[in-house]
Amino acid sequence: MTPELQEQEDRLQFDRFDHDDAWALGTRMVELARERGHGVTVDIRLGDHQLFHYALHGTSADNDDWIERKIRVVRRFGHSSYLVGQTYRDRGTTFEEQSHLDAALYAAHGGCFPIILRGTGPVGTVTVSGLPQLDDHRLVVEALELFLDSKGSEKRAVS
């Protein structure tokens, strides 16, 4: 599974990302969650600047805590929180056992994905909390795929 997760990061990159993109991506993620009846919290940041945050019915402050812990993992390792956790599982251990990081501050559980600018690297995060970790990860990936596909369609329409 780890090569597939790395491929997602290689593929799901942006030429640019700004406040309007955060709004469009965030609202699309909320729409997807609502359509499926998922109670999740969605968070999008550029660096330390929170550009989008929305908590659907059924969430709590615990989801905000999970978001912060997942974001710390992505910022520290530069990869999705699910990829980081899976890397440890592939070695036959866990992030909690081997990273020597405080589990109250770091969670290598699925749901946080780096916002990667081509030629620059990670500049922010998009995070979901509220579902089992693989489902959180899949929701973020699906939303990024839809968003980037729509941006590609816009470019082709303008050309």
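Up top is the structure these notes are about.
In this numbering scheme, every chain counts its residues from 1 along its sequence in written order. In keeping with the model being predicted, local features are shown solely for residues with a pLDDT of at least 70 and side-chain atom pairs are shown and tallied solely at 80 or more, while totals for entire chains, interfaces and linings include all residues. Derived side-chain values reflect all non-hydrogen atoms in the structure, with water molecules and hydrogen atoms excluded from consideration.

(A) Representation of the pattern of salt bridges within the structure. We count a salt bridge whenever a side-chain nitrogen from Lys or Arg sits within 4 Å of a carboxyl oxygen from Asp or Glu. By the definition in use, this model includes 14 salt bridges. Among the salt bridges present, the one from Arg11 reaches Glu145, with a minimum N-O distance of 3.1 Å. With Arg11 in helix H1 (residues 2-11) and Glu145 in helix H6 (residues 133-158), this residue pair connects regions lying 134 residues apart in the sequence. Three labels apply to residues, based on accessible area from a 1.4 Å probe with only protein chains included: buried if under 20% of the type maximum, exposed if over 50%, partly exposed otherwise in between. Given a relative accessible area of 36%, Arg11 falls into the partly exposed group. Note on Glu145: relative accessible area 27%, which makes it partly exposed. Salt-bridge contacts for Arg45 lead to Asp43; the nearest nitrogen and oxygen are separated by 2.7 Å. On the basis of relative accessible area, Arg45 is assigned to the buried category, the value being 7%. Going along the chain from the N terminus, every DSSP run of H or I of four or more residues is numbered as a helix, and every run of E of two or more is numbered as a strand.

(B) Up close: unusual backbone geometry. The phi dihedral of His100 falls on the positive side, at around 65°, and the residue is not glycine. Tracing the backbone shows His100 in the loop between helix H5 (95-98) and strand S3 (112-117). Given the relative accessible area of 70%, His100 is considered exposed.

(C) View of the packing of H1 against helix H4 (residues 81-90). Lines are fitted to the C-alpha atoms to define the axes, a helix being fitted only along its stretch in contact, and any angle between axes, read from their N-to-C directions, falls within 0 to 180 degrees. For the pair H1 and H4, the least separation of the axes is 10 Å and the interaxial angle reads 160°. Comparing their axes, H4 and H1 come out roughly antiparallel. Our pair here, H1 against H4, has a crossing hand that is left-handed. Along the contact surface, H1 presents Thr2, Leu5, Gln6 and Glu9, while H4 presents Tyr82, Leu83, Gln86, Thr87 and Asp90. Each residue belonging to the contact of H1 with H4 can be placed in one class, and the counts come to three nonpolar, four polar and two charged. For classification purposes, angles smaller than 35 degrees are called roughly parallel, those larger than 145 roughly antiparallel, those between 65 and 115 roughly perpendicular, and all remaining angles oblique. Whether a crossing is left-handed or right-handed is set by the direction in which the near helix is turned from the far one by less than a right angle, anticlockwise for left-handed and clockwise for right-handed. Whether two residues are in contact is decided by their heavy atoms, any of which lying within 4.5 Å being enough. Gly counts as polar in this scheme, as do all residues outside two lists: the nonpolar Ala, Val, Leu, Ile, Met, Phe, Trp, Tyr, Cys and Pro, and the charged Asp, Glu, Lys and Arg.

(D) Spatial organisation of the pairing of strand S2 (residues 49-55). Whether two strands pair depends on DSSP finding at least two bridges between them. Note: strand S1 (residues 41-46) against S2, six bridges, orientation antiparallel. Across the sheet, residue Arg45 finds its bridge partner in S2, namely Gln50. Between S1 and S2, which pair antiparallel one after the other, the connecting turn spans two residues, and Gly47 there sits at a positive phi close to 55°.

Worth remembering: the numbers are spatial, not functional.
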